[in-house]
Amino acid sequence: MLMEKMISSADEGQTCSPLAGPGSGPHNRGAVGFVLVHAGAGYHSESKAKEYKHVCKRACLRAVDRLRAGALAVEAVTAALVELEDSPFTNAGTGSNLNLSGEIECDASIMDGKSLHYGAVGALSGIKNPVLVARRLLSEAQKGKLSAGRIPPCFLAGKGAQHWAASHGIPPCPAEKMATKFSLSAYRRNKRKMEVAERVEAECYQTKRARQAAENNRSACLDTVGAIVVDQEGNVAAAVSSGGLAMKHPGRVGQAAHYGCGCWAQNAGNAVPYSTAVSTSGSPFLVTEDCVLGGVIVLRCCKCVEDQTSQEDAHTLVEFLWSHTTESMCIGYMSAQDSKAKTHISRLPPGTVAGHSLAIEGGVCRLGNKSD
């Protein structure tokens, strides 16, 4: 089943505000840029809706502050991810799911659409903001080869990633400061369920596992967080961060860290008319899965010139959307010309089944040039 809702607001003189409310009018008309973030695809309870929206709002503001200061897209998208990782309500950084050993191991990746460089970490412990390590890997790779012609790393995992982070000035974070009351409670609950499941016969276990999975879809921690950004030069960047699956095997690296899987960003070029950025969230897209639970945010943009004889009237047209097969997905978006971020919890229609239904929403945003 497909539920589609496209909302457009590209009218003359209007910044992007498809779901605009009071106070969302233009701000800082000289600034150009756009950010779209999400706080995970899963189930967002009504009781915590305010907190989910608030973290998306803060992430948008962090990114837009950097854009207004003239930062490039990759720096702005990093700022948004740091805010999402710092929230105890997301499954990334602080408050991430615990693995079988009761430890936090995070995955993160980031991609720069201008250079197509990519940086990622997998199964990383003891670092508060994994995206900062991924970002540093990307920037170090952009400097070129190391001594003796060695190729710099773009993807590190486990202890190697942790040691590399420390050697590049990224401070460690004690494990007790990253685990939250909610993540510890979820770990103890999941561990009890596993112990019970291991004592029952295989047939009974399969039935119980299906029932527990349905329950966990509503109560478990949310999945991967992400952000995508367009800067004043039209560059795009994307980033993603995740604590991974609850009770995963230590050392497991999820899709958030893999090249071309967790996120993608690519500027327009000779053979590519649009700049594109994508950040995904959810379960692996495997043919063996009975239902696929996931979400995605996407944007594409291009430069538009109304008067072909003058570049002064050029503007950037941004088309953006979010889609999910989970019960809900919390998103936020904002242009550098807006005074407030817009936040929204997208939900599947009543009566539809998560994993077998799809929701799509989005809009269009016109960004003026820097002199507007």
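Conventions and cut-offs
Residues numbered from 1 in each chain as written. Predicted model: local features only at pLDDT ≥ 70, side-chain atom pairs only at ≥ 80, totals over all residues. Heavy atoms only, no water. UniProt positions renumbered as here; feature names shortened; annotations may be inferred. Helix = DSSP H or I, 4+ residues; strand = E, 2+ residues; numbered from the N terminus. Buried < 20%, exposed > 50% of the residue type's maximum accessible area, 1.4 Å probe, protein only. Contact = heavy atoms within 4.5 Å. Pairing = 2+ DSSP bridges. Phe/Tyr/Trp six-rings, centres within 6.5 Å; stacked < 30°, edge-to-face > 60°. Lys NZ or Arg CZ within 6 Å of the ring centre and 35° of its normal. Axes fitted to C-alpha atoms, helices over the stretch in contact; angles between N-to-C directions.

Colleague: What is the right way to look at the UniProt feature "active site" (unreviewed entry) in the chain in this model?
Modeller: Residues annotated in UniProt with the feature "active site" (unreviewed entry) correspond here to Thr-224. Structurally, the position occupied by Thr-224 is in the loop between α7 (202–219) and β6 (225–230). Look at Thr-224 and you get buried, because its relative accessible area is 4%. Those residues within four positions of Thr-224 in sequence are excluded, and the remaining contacts are His-38, Gly-40, Ala-41, Val-240, Ser-241, Ser-242, Ala-256, Thr-280, Ser-281 and Gly-282.

Colleague: Sorry, what's going on with the pairing of strand β9 (residues 275–282) here?
Modeller: Within β9, 7 of the 8 residues are buried, which leaves the element mostly enclosed by the surrounding structure. Note: strand β8 (residues 263–266) against β9, 4 bridges, orientation antiparallel. Bridge pairing in β9 links Gln-266 to Thr-276. In this structure, β9 lies alongside strand β10 (residues 294–304), joined through 8 bridges in antiparallel fashion. The partner of Ser-275 across the bridge, within β10, is Cys-301.

Colleague: What is the right way to read the packing of aromatic side chains from this model?
Modeller: What characterises a pair of aromatic rings is the spacing of the ring centres plus the angle enclosed by the ring planes. Here the structure, examined in full by the defined rule, presents 7 aromatic pairs. For the pair Tyr-52 and Phe-89, a centre-to-centre distance of 6.3 Å together with 80 degrees between the ring planes defines the contact as edge-to-face. A residue pair is termed long-range when its members are at least 10 positions apart, and Tyr-52 in helix α1 (residues 49–68) and Phe-89 in the loop between α2 (73–86) and β3 (106–112) qualify at 37 residues. For Tyr-52, a relative accessible area of 7% corresponds to the buried category. You can call Phe-89 partly exposed: its relative accessible area is 29%. Aromatic pair Tyr-259 and Trp-264: ring centres 5.5 Å apart, planes at 70 degrees, arrangement edge-to-face. Classification of Trp-264 by relative accessible area gives partly exposed; the value is 26%. Among the aromatic residues, ring-to-ring pairing joins Phe-34, Phe-320, Trp-322 and Tyr-333 into one connected group. In this arrangement the basic side chain of Arg-300 is found over the ring face of Tyr-274, its NZ or CZ atom lying 3.9 Å from the centre.

Colleague: Sorry, what's going on with the sheet that holds strand β5 (residues 155–157) here?
Modeller: Backbone-to-backbone hydrogen bonds join strands into a sheet, with any given pair of strands oriented parallel or antiparallel. Read from one edge of the open sheet, 8 strands run β5-β4-β3-β7-β6-β2-β12-β13, paired in mixed fashion. Because the sheet does not close on itself, it has two edges, and the strands there are β5 and β13 (342–347). Mean inter-strand twist for the sheet, computed between neighbouring axes without regard to direction, equals 10 degrees. The pairing of β3 with strand β7 (residues 236–242) spans 6 bridges and is classified as antiparallel. Looking at β7, one finds that Ala-108 is bridged to Ser-241. Packing of α1 onto the sheet brings it into contact with β2 (34–42), β6, β12 (328–335) and β13, and relative to β12 it is tilted by some 30 degrees.

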